[in-house]
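Listed below are the residues making up each chain.
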Amino acid sequence: MKLIFERSIQGRGCAILPPCDVPVTSLPEAMVRKEPPKLPQVGEIDLSRHYTQLMKQTHGVNDGFYPLGSCTMKYNPRVNEEAAALPGFRRIHPLQPEETVQGCLEVLVTAEELLCEITGMDRMTFQPAAGAHGELTGLLLIKAYHHHRQDTARTKILVPDSAHGTNPASAAMAGYQVVSIPSGPDGCVDVEALRKAAGPDTAGLMLTNPNTVGLFDRNILEITQIVHEAGGLCYYDGANLNAVMGIARPGDMGFDVVHLNLHKTFSTPHGGGGPGSGPVGCKELLVPYLPIPLAQRDGAGGYRLDWDRPLTIGAVKDFYGNFLVVARALTYILTLGREGIPEAAENAVLNCNYLMTRLKDVYDMAFDTGCMHEFVITLARQKKELGVTAMDVAKGLLDHGIHPPTMYFPLIVEEALMVEPTETESRETLDEAAEAFHEIYRTALSDPELLHQSPLHTPVRRLDEVAAARNPRLQYHFPD
Amino acid sequence: MGSYVPSTPAQRQQMLESMGLSSMEDLFRQLPEEVLLRRPLNIPSGCCEMEALGKMETMAAKNTVFSSIFRGAGAYDHYIPAIVKSVTSKEEFLTAYTPYQAEISQGVLQSIFEYQTMICQLTAMDVSNASVYDGATAAAEAAAMCRDRRRTVTYASAACRPMTLRVLETYCFSAGTPLVLIPEKEGRTDLEALKELMDPAAAACVYLEQPNFYGQLEEMEKAAGIAHQAGAKFIAGCNPISLGILTPPGEYGADIAVGEGQPLGLPLSFGGPYLGFMAAKSALTRKLPGRIVGETTDVDGKRAFVLTLQAREQHIRREKASSNICSNQALCAMTAAVYLSAMGAQGLAQAAALSMSKAHYLAAELEKIPGFQRKHQGEFFHEFVTGSPIEPEALMKSLEKEGILGGLPLNGAYKGCILWCCTEKNTKAQIDRLVSIVKEVAEK
Amino acid sequence: MKNPADLLYTKSHEWVRKLEDGSVQVGLTDYAQHQLGDLVFIGLPQEGDAVTAGESFCDAESVKAVSEVYSPVTGTVLAINEELLDHPELVNENPYDAWFVQIGEITGEEELLGAAEYEELAAKEEK
């Protein structure tokens with residue numbers, strides 16, 4: 001299909017702005033742009049049709065099942081969008097006087113109070129824009145804490161080998177050395193290895209629980225205790241909170257700081273990669289270091305922004321974070337409430353176990369011990385026996401209108417497919433998906449070549465990623 | 001209470017029983033007893049959609065929506081063409097994840113590729129990423145791109161936005177590298193002082209904004225020259241609307257161009273979500289953080305787009321990645337792309353010229369009132385600083401009563417001064433009304 | 001592909017060609033390029049960089065993986081094979097011609113294997 005630049009016709013355009021009603025000012029010649037940027041020259045109908053075509057080549061949660069492990073692709077309720085579109089939120093300048101933004105501050109404070117109760121934390125900042133950004137923020141809190149105590153020998157962050165790639169990357173960005181902790185044969189942290197690694201140079205531990213293979217680490221209290229006894233702090237990667245919200249809280253597992261992914265657990269849309277929101281909550285001992293400003297109650301029934309925090313790590317983003325994303329998440333939490341939050345977790349785990357049970361007869365599970373919100377299939381045997389890989393199964397699913405699971409992650413599982421159905425899928429959808437998985441398995445046995453060829457019915461087929469990386473073409477080349 | 005779980009209680013029971021379980025609790029047997037909450041969350045009961053929206057409306061109603069805004073300082077009230085919101089609220093774009101599965105994500109991928117092209121055009125740079133969180137983090141990530149084992153010092157102008165400086169400072173603390181502030185002189189970066197400050201052995205980069213926080217236009221080419229002479233990179237923070245008429249960073253020697261993309265069709269939204277754009281010279285391509293989309297072909301030879309150069313990224317490099325970022329602001333990037341397409345080069349230049357002309361008109365009118373003289377004499381774009389004969393906060397209160405959000409009262413060395421801003425949305429009638437109220441209050 | 005008998009090898013899958021002037025050329029073995037798959041970028045060091053035996057001095061990127069290349073010797077990079085910057089596929093096509101760097105001023109080296117020994121090691125890893 002055409003690029004927007006290929007639809008461009010010299011002299012075409014949209015009439016958007018009025019003529020100038022004040023004297024026109026001009027710039028000194030030296031500062032004036034000589035060549036106008038080559039932006040599209042299109043009419044509104046061209047634009048409308050262009051993006052409608054692009055839309056048809058995009059698979060969203062509303063198009064079909066999206067069991068992308070670790071990403072919690074639950075349904076994004078429309079009422080959240082309505083709330084975020086209110087002019088009383090959309091049209092508010094971030095630097096308006098506090099008395100004119102009491103509603104916005106109430107959103108932030110209310111969301112903070114609800115999420116602190118859900119996580120068992122004392123305070124929370126909404127400044128981080130994404131999960132990885134939250135990780136960096138949380139690690140900086142840990143760093144500031146140790147620095148403030150003159151405890152500068154703590155240079156290492158412990159990260160299990162099953163962790164998301166962002167964990168070690170964030171730790172490195174925060175100036176830490178990363179120590180990888182092996183997983184045991186049960187897929188959980190090897191406690192003895194952790195005990196050996198923890199010491200006076202340990203700044204902290206980053207952990208996802210349930211972890212990336214969908215298992216709740218039952219040694220969690222021992223794990224956090226080992227780290228605390230070594231003088232380190234414990235960081236909870238909230239990527240998988242959807243499995244346990246309302247049922248267990250990171251704060252009660254011994255964690256000192258957490259980040260949440262509002263775009264996963266709290267139903268805000270992913271937008272093709274963003275904007276998200278990665279608020280960071282912490283226990284009292286880290287509160288002094290939280291970024292500025294912090295919204296809070298003013299003690300007189302209103303709200304204010306606290307900029308006067310002498311030990312703060314500073315700011316990790318402009319203003320107060322992705323406010324409209326927080327407004328969406330708050331709408332969701334208010335809707336679900338005290339009953340709906342654990343109900344969502346229960347059904348996420350129910351759907352996951354149900355689908356796993358339905359696939360167990362033909363697919364090998366990496367850890368066949370009952371899962372939480374996600375499970376990991378390994379295609380290692382099929383690869384060896386049939387030459388069919390995780391990639392082949394994933395691409396086969398595309399022809400069934402299903403977005404494939406996360407591929408080749410976690411790294412500790414060979415030929416991995418990580419499946420996370422979420423609670424917003426019905427039993428019928430899960431049954432259909434199970435049938436699709438079975439059909440692909442039958443094809444793998446009867447005609448593996450067909451799977452290597454798949455997908456056959458998508459707008460484009462398998463891409464030459466090697467050529468894309470060897471000779472990067474990263475922008476449109478305009479004809480001369 | 002509200003719920004988005006479609007399975008009926010009967011279906012849930014059947015599903016449990018099909019697995020030999022009797023209750024939901026059985027599903028959580030992995031959890032040790034001690035960590036179970038075993039009590040309801042202490043949060044309000046859930047509610048239906050109508051009530052939930054009602055609660056949000058009540059909160060929104062406590063905010064003041066100003067019909068006339070003369071405040072910028074990093075968030076700008078430009079006109080947003082109707083087509084922008086209509087495109088970006090399409091559910092497929094809204095609800096898709098990062099386009100890992102290219103075969104069913106060509107829409108998002110192509111839209112990012114088009115966005116990258118537009119950013120390259122706007123900045124006259126060689127390569128753009130798919131966007132980062134916002135303008136401030138874009139500046140911080142750009143500085144990180146320039147640092148290596150030997151070159152560790154980031155220089156940033158004191159005339160930059162204070163919040164951007166704070167973010168830079170936090171990221172530098174994170175990396176354990178020094179940040180040196182270049183002093184400001186008469187509203188612009190003191191380039192003579194910069195020359196003195198530069199350490200040719202350790203300078204990694206120099207960061208200036210154009211226009212700067214005070215609206216003043218900097219001597220970017222000269223600053224770039226000083227940076228390069230010391231072997232450092234030059235990073236330009238640009239207002240994207242201004243690039244409709246101002247010399248683009250690629251033409252004055254910038255190695256990296258970054259900026260806040262909010263003016264390109266994103267609503268004010270109490271500060272977010274916004275959009276950080278990032279473009280660089282081709283030599284720095286592999287140092288760019290975040291997602292990048294490239295063109296290739298599929299097995300049938302059809303043109304197609306895909307996330308590329310992924311070996312830079314955290315999911316492959318883990319602790320050796322150049323950044324931990326694993327998202328982009330795709331929907332905001334699409335917003336910017338639709339905005340730029342609807343405006344075209346001509347419309348963008350018009351928005352820039354209107355904003356600048358109105359700001360100059362406002363400045364001239366305010367200067368007629370004693371005490372409201374401009375603080376700086378250099379060229380400016382659509383923001384400027386004046387003194388104020390009365391306490392700025394009191395003046396703003398009077399304007400608020402009239403539905404006007406006035407300029408931003410400044411702090412620090414500029415205490416008592418006001419940073420004003422105009423966009424194309426400020427009509428002459430609005431400006432005249434603002435000026436007459438200011439005059440009235442000042443003369444009282 | 002046969003591993004040339006006139007080269008030496010490391011346990012981390014680099015080959016070493018000793019040149020007459022005492023310097024060495026270093027590249028990736030056929031086994032290594034095969035494991036990595038289609039290479040898309042080689043992040044070479046700069047001339048004049050100091051390298052240490054057993055430590056990474058360069059990385060080789062495929063589409064979905066990145067792999068460190070370890071120096072077999074301690075010394076200084078005298079030259080880099082700039083052709084690889086534009087044509088990383090040469091490593092896949094002809095690994096024993098596609099040298100990465102030439103290292104001189106050598107003051108120490110890793111334990112190096114002969115071709116037969118290396119083949120044994122690679123065969124073991126294959127399993």
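All values derive from a computational prediction rather than experimental measurement.

Counting from both sides, the interface comprises six residues of chain C and, opposite them, four residues of chain B. Residue classes in the side of chain C that touches chain B are distributed as four nonpolar, no polar and two charged.

All names here are of chain A. Of all the nine residues making up helix 12 (residues 390-398), nine are buried; the element is thus mostly covered by neighbouring parts of the structure. Here helix 12 has its buried residues at Ala-390, Met-391, Asp-392, Val-393, Ala-394, Lys-395, Gly-396, Leu-397 and Leu-398. Next to the buried residues of helix 12 lie strand 12 (406-407), strand 13 (416-419), helix 13 (427-446) and helix 14 (448-453).

What follows covers the interface of chain A and chain B. Facing the 164 residues of chain A at the interface are 166 residues of chain B. Broken down by element, the side of chain A that touches chain B gets its largest block of residues, 22 residues, from helix 10 (residues 323-359) of chain A. Class assignment of the residues belonging to the side of chain A that touches chain B gives a composition of 93 nonpolar, 44 polar and 27 charged.

Residues and elements named next belong to chain B. According to the domain assignment, chain B consists of domain 1 (68-77 + 345-443) and domain 2 (82-338). For the side of domain 1 that touches domain 2, the secondary structure elements donating two or more residues are helix 11 (330-367) and strand 13 (383-386). When residues of the side of domain 1 that touches domain 2 are assigned to their parent elements, the largest contribution, six residues, is made by helix 11. Split into classes, the residues belonging to the side of domain 1 that touches domain 2 amount to 12 nonpolar, five polar and four charged.

With that settled, the discussion passes to the sheet that holds strand 10 (residues 364-365) of chain A. Residue and element names in this part refer to chain A. Taken together, the four strands give an open sheet; going across it, the order is 10-11-13-12, and neighbouring strands pair in antiparallel fashion. At either end of the open sheet lies a strand with only one pairing partner, and these are strand 10 and strand 12. Packed onto the sheet, helix 12 meets strand 12 and strand 13 and runs at close to 45° relative to strand 13.

With that settled, the discussion passes to the packing of helix 5 (residues 131-148) of chain A against helix 6 (residues 166-173) of chain A. Residue and element names in this part refer to chain A. Relative to each other, helix 5 and helix 6 sit at 45°, their axes nearing to 9 Å. The angle between the axes of helix 5 and helix 6 places the two elements in the oblique class. Taken as a pair, helix 5 and helix 6 cross one another with a handedness that is right-handed. Side by side, helix 5 and helix 6 meet where Gly-131, Ala-132, Glu-135, Leu-136 and Leu-139 of the first sit next to Thr-166, Asn-167, Ser-170, Ala-171 and Met-173 of the second. Considering only residue class, the contact of helix 5 with helix 6 consists of five nonpolar, four polar and one charged.

Quick look at the nonpolar core now. Formed by 357 residues in total, the largest nonpolar core has its most connected members in A:Leu141, A:Val326, B:Cys205, B:Val206 and B:Ile235. Looking at this core element by element, the count peaks at 24 residues for helix 11 of chain B. Apart from residues lying up to four places away in sequence, B:Ile235 is in contact with B:Ala139, B:Ala142, B:Ala143, B:Cys205, B:Val206, B:Tyr207, B:Ala254, B:Asp255, B:Ile256 and B:Val258.

Moving on, we get to the domain arrangement of chain A. Residues and elements named next belong to chain A. Under the domain assignment used here, chain A contains domain 1 (79-335) and domain 2 (343-466). Here the C-alpha centroids of domain 1 and domain 2 sit 31 Å apart. Between domain 1 and domain 2, the contact holds 17 residues from the first and 16 residues from the second. Considered class by class, the residues forming the side of domain 1 that touches domain 2 number eight nonpolar, eight polar and one charged.

Time to look at the packing of helix 5 (residues 106-123) of chain B against helix 11 of chain B. Residues and elements named next belong to chain B. Packing of helix 5 against helix 11 leaves a shortest axis separation of 9 Å and a crossing angle of 60°. In terms of their interaxial angle, helix 5 and helix 11 are classed as oblique. Once helix 5 is placed against helix 11, the crossing between them reads as left-handed. When helix 5 is examined against helix 11, the residues Val-108, Ser-111, Ile-112, Glu-114, Tyr-115 and Met-118 are found in contact with a partner set consisting of Ala-330, Ala-333, Met-334, Ala-336, Ala-337 and Leu-340. Its residues assigned to classes, the contact of helix 5 with helix 11 shows 10 nonpolar, one polar and one charged.

Turning to the sheet that holds strand 9 (residues 256-260) of chain B, a few remarks are in order. Residues and elements named next belong to chain B. Spatially, the seven strands line up as an open sheet ordered 2-10-9-8-7-3-4, and their pairing is mixed. Because the sheet does not close on itself, it has two edges, and the strands there are strand 2 (127-128) and strand 4 (179-182). As judged from the three bridges shared by strand 8 (residues 233-238) and strand 9, these two strands associate in the parallel manner. Bridging from a neighbouring strand, Ile-235 pairs with Ile-256 of strand 9.

Another aspect to go through is the environment of B:Leu179. Residues and elements named next belong to chain B. Locating Leu-179 in the fold gives a position in strand 4. Overall, Leu-179 belongs to the partly exposed group, with 19 C-beta atoms counted inside 10 Å. Between the alpha carbons of Leu-179 and Thr-154 there is a distance of 4.9 Å; along the sequence they are 25 residues apart. Each residue touching Leu-179, except ones within four places of it in the same chain, is listed here: Thr-154, Ala-156, Leu-168, Glu-169 and Cys-172.

Let's shift gears to the confidence of the model for chain B. With 100% of its residues at a pLDDT of 70 or more, chain B has an overall mean of 96. For this predicted complex, the interface confidence score (ipTM) comes to 0.97, while the overall pTM stands at 0.96.

Residue and element names in this part refer to chain A. Geometrically, the link from Phe-409 to Pro-410 is a cis peptide bond, its omega value of 0° lying close to zero. Relative to the helices and strands, Pro-410 resides in the loop between strand 12 and strand 13. Positive phi outside glycine occurs at Gln-150, with the angle close to 60°. Turning to its location among the elements, Gln-150 is positioned in the loop between helix 5 and strand 2 (156-160). Classification of Gln-150 as exposed rests on a count of 7 C-beta atoms within 10 Å. Of note in the backbone geometry, Ser-267 takes a positive phi value of approximately 70° without being a glycine. Relative to the helices and strands, Ser-267 resides in the loop between strand 6 (257-259) and strand 7 (280-282).

What counts, and at which threshold
- Residues numbered from 1 in each chain as written.
- Chains lettered and ligands numbered in written order.
- Predicted model: local features only at pLDDT ≥ 70, side-chain atom pairs only at ≥ 80, totals over all residues.
- Contact = placed C-beta atoms within 7 Å.
- Nonpolar A, V, L, I, M, F, W, Y, C, P; charged D, E, K, R; others polar.
- Buried ≥ 20, exposed ≤ 12 C-beta atoms within 10 Å, placed from the backbone.
- Helix = DSSP H or I, 4+ residues; strand = E, 2+ residues; numbered from the N terminus.
- Domains from an automatic or database assignment.
- Pairing = 2+ DSSP bridges.
- Axes fitted to C-alpha atoms, helices over the stretch in contact; angles between N-to-C directions.
- Parallel < 35°, antiparallel > 145°, perpendicular 65-115°, else oblique.
- Left-handed = near helix turned anticlockwise from the far one by under 90°.
- Core = buried A, V, L, I, M, F, W, Y, C linked by C-beta atoms within 7 Å.
- pLDDT = per-residue confidence, 0-100.

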